[in-house]
Amino acid sequence: MSAPANLSPRSSRPGPSARDTILARVREALRIPAPPPHLKSLAAEEAAVPAAGQGHSGLSILPLEVARPWLPDGGDTPEERRAILVTNLEKLRAIVHQVPDLTAATELVFTLARERDWQRVAYHGHEKVDPLLAGIPCATHRVDAPGVHPASAKSALEACDAGISACEALVAQTGSILVSSATCGGRGLSIVPHVHLVVATPDQIVSTLGDALHEAQQRHAGRMPSMLSFITGPSRTGDIERILVLGAHGPKELIVILVG
Amino acid sequence: MATDTTTDGPAAAHAAAAEQSPRGAKKRFLHDAAESVRDVDHRAFVRKALGGYYVTRDAQKARYGNWETARDAASLAKWSAVNRLDELLPRFADNFTANGGQVHWARDAEEAREIILGLVRAAKAKAIIKSKCMTSEEVHLNAALEQEGYGVVESDLGEFIQQLRGEPPYHFVFPCMHVRRGEISDLFSKHLGTAATDSPEELTMIARRHMRQLYVDADVGITGANFLVAETGQISITENEGNARLTAALPRVHIALAGIEKVVEHLDDLAVLLPILATAGTGQPMTCYNTLYSGPARPGECDGPEEMHLVLLDNSRTAILADPEQRDSLHCIRCGACLNVCPIFKNVGGFTYGTTYQGPIGSVITPHLRGLADWNHLSGASSLCGACTDACPVRIDIHHHLLHNRRNAARTAPNRWEKLGHKLFVAVATRPWLFATGGALFRHSLKLLKWLRPPLLSDWLATRDLPAAPAASFRAQWASRQGGR
Ligand code: SF4
C-alpha cells in the first residue's frame, strides 16, 4: 500500500517539502562546529578525536574492538563464554537446562509439557525445533505453516501455552538471546505465549553484543530480517512502586535448553 | 474500552494548563514546587522508590571493565552522529526506505499529528495500541487521535495507569512512580471492574489480561524509537515489558515516531549504547527487549505488519543543534539517570516542571523547545550540585547548560530588579565601611525581623527559621584569630 498522498501534509503546506526544510535547517545549524565531548577517562588522542570542524566518522574513529575491554566481560574461550552466559541467564531469572543430546532435550520438553499441563504449544519449522516435538503430549501449532490466515493465526498463537523457537545467537556478556523474524518463527512466537522455550547449541554462544551484531550483519548480508530482537530474561516491569514483577506483557518464563 | 479518562490529578491539570498558557509557567512552577515540598509523605515515597536504583546501578557498573571509558565511547558515538546529522539523516532515511519502510518528515508537532492522523485514516483503523513513546507525549498525539474519535490504548503498564488517571507521565522512564499500589488497585476496580488487591504482581497481571485481546484486535500499532541506525536503516526500540514487541508484531500497520537526533551511524554503536542505556537508567545489564526493525514483514516471514511508517520529527531540535554550546543536549538517550539522582526532582516531583521531559535534561531543553522567556525559571530549578552531569552516560554537560540558559536569558531579556540588585551589591561590597555598617545593621536586626515577619520575608519564613546572628562579624572574628596566633 502506498502513502496516502492526498492527506500528506506536504501537499497541505505550501513551499518546500518538510524533508528539504529540515535538512536545510540541519545544514545551517551545523555550520558552526561543536567542541568534542568532555572525555574524562579516555585521552582525546587515544580516541583519535579530530579537532572541531574536521571530518570524523563515528565509532570507526574508536573501533568497537578498542571499547571491548571497557564493557562487561563476555569471556574469551568457549568454556568461559558458556559459564558467563549461564550465570547471567540465571541472574535474569531465566531457567537454563543443559542437556547432553537431542534425546535428552526431547525428553525434557515432554516432561515440561506434562508437568505444566500444556494444552497446545506453538513452534516453527526448524532443524533444532522439529525433533523436540516428537511425541509431545499436547496439540501443536506451527506458526509458519503455509496458507494460514493472519487474523486466525494471531488468535491461534494467543491460545498457546508455550512457544518453542530456535535462536540466532546467545550473548554471554549480557545473557541475551538473539532471535529474528526470518529464522525464529516470525515476530509473535517469542513474545505472545506465556512461556518462551529456546533451544540452542553451545556453538551459538558469542562473547559480546558487538560479536552478535557483526555475525547478524554477515549472516543476513545486505538483507536484514524485518525484526532482530535481543531478549534479556523474561518480560518484566517495575512500574508499580519500582517493585520487580515478571511477565508484564511478554513471556513470564524464559526457558533455555542448551543441547550438547 | 478503558479510556473514560478523568483528570483527577491536580498536578497534572497544572501541567496541562502550563502548556496552554506558558506565561503562567513560572508562577505555577513556584506554586507547585512549594506544595510538593510541603508534602512530606510524597517526598518520602518518591525517595524510597528511587532508593534501590543506586544499589542496582552501582552493582551493574562494577561489571564493566571501565565504566568511565565506556561512557566516553558512548558520548563519542552520539557526538559524532549528532554533528554529522546532515549526512547521516538522509543516509538513514534512504536505507530505511530501501528496506521497505516509509519515511515521513515533520517540521513540528502539528505536522507530526497530521501525518499520523492521515496514516490512521488511510488504515481505516478501528483500534490503536500504543507502546511508550515520549515523543508522542511531546506532540500530544493521543489527544489528537481521540478528538478524531479513535480509541488509543497505552500498553506500557505505567503509561496505562497514567492514561486511566488522566495524567501525563511523572517521570519519563517511570511514568507512575508516584502512585501507590492501593491507588492503582482502586483505579483498576473503577475502570476494569477488578477486585481490590495490594499485590504488585496481581495488579500487573490484571493489566496483562486486559491488554491481551487489544493487541490482537488493534489494526494500528504506534511506537517510539530509541536509535535510528544510519548504515542499516533499522530502528531500535528498548523496553522491558514486551508491549512494544507485541505492538510491532500483531497490528497490520506499524507507525513509529522519533526525533531526528536519534540517529547513530553504525550498528556497532549499539554494542555500547544499549548496555549503557540500561545500566544508567535502571541498573540492568540490558533492558529486557532491544529490538531492531527494518520495515514491514518480508516475503517468507510468517507474521508482522504489512506497512511500516516512520515519522521523523524536528520540532525545534534543529534550534538546539544550532547552538554549538548546548548541542550535546541532543546526545540524550532518555535513560532518566539525571532525574533519578536529582535533589530537585526528588523534592518538587515530576509534575511541577510542567514539561514533557522532566528533571535536569528537561530543564535544559524545554527553554529551547518552548521559549527561553517563559521557561528560564527551570534554569534555577537546580542546586548546581552536578549530580546529573556525573550520572549522564553520554556526558552531557547538563548543569553547566542550566547556567548557559541563565546567561542567555540575562542577555536577551535582562531582569531590571536582578540588575539593580547586583549594582547595589557591587556598590556595597566595594566600600568596606558600607559593608561593615550593613553587616552590623543586619546582625542586630535579625531578631527584630524574626519578630516582625515583614511580608517580603513571609514566604521564606513559612518553612524556615532565620539563623541566629553571630556575635561579631566574620572580619572581626578573623582578625581576632589571626591576632591570637
Ligand atoms: S541527559 Fe543524560 S542522564 Fe539525563 S536522560 Fe539524557 S542521557 Fe540520561
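Procedures and definitions
Residues numbered from 1 in each chain as written. Chains lettered and ligands numbered in written order. Predicted model: local features only at pLDDT ≥ 70, side-chain atom pairs only at ≥ 80, totals over all residues. Heavy atoms only, no water. Domains from an automatic or database assignment. Patch = residues over 30% accessible without salt bridge, like charges linked within 9 Å, V, L, I, M, F, W, Y side chains within 5 Å. Areas by Shrake-Rupley, 256 points an atom, 1.4 Å probe, with all protein chains shown as cover. Salt bridge = Lys/Arg side-chain N within 4 Å of Asp/Glu carboxyl O. Helix = DSSP H or I, 4+ residues; strand = E, 2+ residues; numbered from the N terminus. Buried < 20%, exposed > 50% of the residue type's maximum accessible area, 1.4 Å probe, protein only. pLDDT = per-residue confidence, 0-100. Contact = heavy atoms within 4.5 Å. Pairing = 2+ DSSP bridges. Axes fitted to C-alpha atoms, helices over the stretch in contact; angles between N-to-C directions. Near = heavy atom within 4 Å. Nonpolar A, V, L, I, M, F, W, Y, C, P; charged D, E, K, R; others polar. Core = buried A, V, L, I, M, F, W, Y, C linked by side-chain atoms within 4.5 Å. Buried area = accessible area lost by both parts, 1.4 Å probe. Expected span 1.5 Å × (residues − 1). Bend = angle between axes of the 7 residues up to and from the residue.

K.L.:
Would you mind going over the domain arrangement of chain A in detail, with residue names and values included?
P.N.:
The domain boundaries assigned to chain A delineate domain 1 (17-70) and domain 2 (78-259). Between domain 1 of chain A and domain 2 of chain A, the C-alpha centre-to-centre distance is 38 Å.

K.L.:
So what's going on with a nonpolar patch on the surface? Which residues, and what values?
P.N.:
Residues and elements named next belong to chain B. A contiguous nonpolar patch, built from W417, L420 and L424 and spanning about 380 Å² of accessible area, is present on the exposed surface. With respect to the helices, strands and loops of the structure, L420 is situated in helix α21 (residues 416-429). Its relative accessible area of 45% is what places L420 among the partly exposed residues.

K.L.:
Would you mind going over the confidence of the model for chain A in detail, with residue names and values included?
P.N.:
Low-pLDDT stretches of the model should not have their predicted coordinates read in fine detail. All names here are of chain A. In the predicted model, chain A carries a mean pLDDT of 88, and 87% of its residues have values of at least 70. Under a pLDDT of 50 for its full length, residues 1-11 has, in the predicted model, 21 contacts with residues more than four places off or in other chains. Of the regions scoring below 50 in pLDDT, residues 51-60 engages in 25 contacts with residues more than four places distant in sequence or in other chains.

K.L.:
Could you give an account of the sheet that holds strand β7 (residues 195-200) of chain A, with specific residues and numbers?
P.N.:
Residue and element names in this part refer to chain A. The strand order across the open sheet formed by six strands is β1-β12-β7-β4-β2-β3, and the pairing between neighbours is parallel. Only two strands of the sheet have a single partner each, and these edge strands are β1 (95-99) and β3 (139-142). Each adjacent strand pair in this sheet contributes to an overall mean axis angle of 20°, direction not counted. Strand direction decides the pairing type here: strand β4 (residues 162-165) and β7, joined by four bridges, are parallel. If you follow G163 over to β7, its bridge partner there is H196. Along the sheet, helix α4 (residues 78-91) makes contact with β1 and β12 (253-259), crossing β1 at roughly 145°.

K.L.:
Please give an account of the site of the ligand that cites residues and values.
P.N.:
Close contacts around the ligand come from 14 residues, with C332, C335, G336, C338 and C392 of chain B the closest. Counted by class, the shell around the ligand contains twelve nonpolar, one polar and one charged residues.

K.L.:
Break down unusual backbone geometry for me, citing the residues and quoting the values.
P.N.:
Residues and elements named next belong to chain A. Although it is not a glycine, R242 adopts a positive phi angle of roughly 55°. Within the secondary structure, R242 sits in the loop between β10 (236-237) and β11 (245-246). You can call R242 partly exposed: its relative accessible area is 27%.

K.L.:
Summarise the environment of R19 of chain A; cite the residues concerned and give the values.
P.N.:
Along the chain, R19 of chain A turns up in helix α2 (residues 18-29). When neighbours within four sequence positions are excluded, R19 of chain A is seen to be in contact with P90, A93, D94 and W105 of chain B.

K.L.:
Let's hear about the nonpolar core: which residues, and what values?
P.N.:
If you look at soluble globular proteins, the nonpolar side chains tend to sit buried side by side. Counting 160 residues, the largest nonpolar core has I177 of chain A together with F188 and I235 of chain B as its most contacted members. Discounting residues that sit within four places of it in the chain, I177 of chain A has contacts with L89, C167, A169, L170, V198, S229, F230, I231, L254 and V256 of chain A. I115, L119, A125 and V152 of chain B belong to the second largest nonpolar core, which has 25 residues in total.

K.L.:
Quick rundown of the interface of chain A and chain B? Include the residues and the values.
P.N.:
In this complex, chain A contributes 104 residues to the contact, which on the side of chain B involves 120 residues. Summed over both sides, the interface between chain A and chain B buries roughly 9,500 Å², with carbon and sulfur atoms accounting for 60% of that surface. At the junction of chain A and chain B, the tally comes to five salt bridges. E201 of chain B serves as the salt-bridge partner of K252 of chain A, at 3.0 Å between the closest nitrogen and oxygen.

K.L.:
Got a sec to walk through the sheet that holds strand β9 (residues 289-293) of chain B? Specific residues and values, please.
P.N.:
Ordered by their spatial adjacency, eight strands build an open sheet running β8(A)-β5(A)-β6(A)-β9(A)-β9(B)-β6(B)-β5(B)-β8(B), and the pairing between neighbours is mixed. Strands with a single pairing partner mark the edges of an open sheet, and in this sheet they are β8 (205-206) of chain A together with β8 (263-264) of chain B. When strand β5 (residues 227-229) of chain B meets strand β6 (residues 234-239) of chain B, the two strands line up antiparallel, connected through three bridges. Across the sheet, the residue bridging to L228 of chain B is I235 of chain B, located in β6 of chain B. Across the sheet, helix α7 (residues 209-219) of chain A touches β5 (169-171), β6 (176-180), β8 and β9 (227-231) of chain A together with β9 of chain B, and the angle it forms with β9 of chain A is around 160°.

K.L.:
Any details on helix α11 (residues 200-217) of chain B? Residues and values, ideally.
P.N.:
Residue and element names in this part refer to chain B. Along its 18 residues, α11 runs 27 Å from first to last C-alpha, staying within 8% of the 26 Å computed at 1.5 Å per residue. Along α11, the helix axis deviates most sharply at M211, where the bend reaches about 30°. Restricting attention to buried positions, one finds in α11 the residues P200, L203, T204, M205, I206, A207, R208, M211, R212, L214, Y215 and V216.

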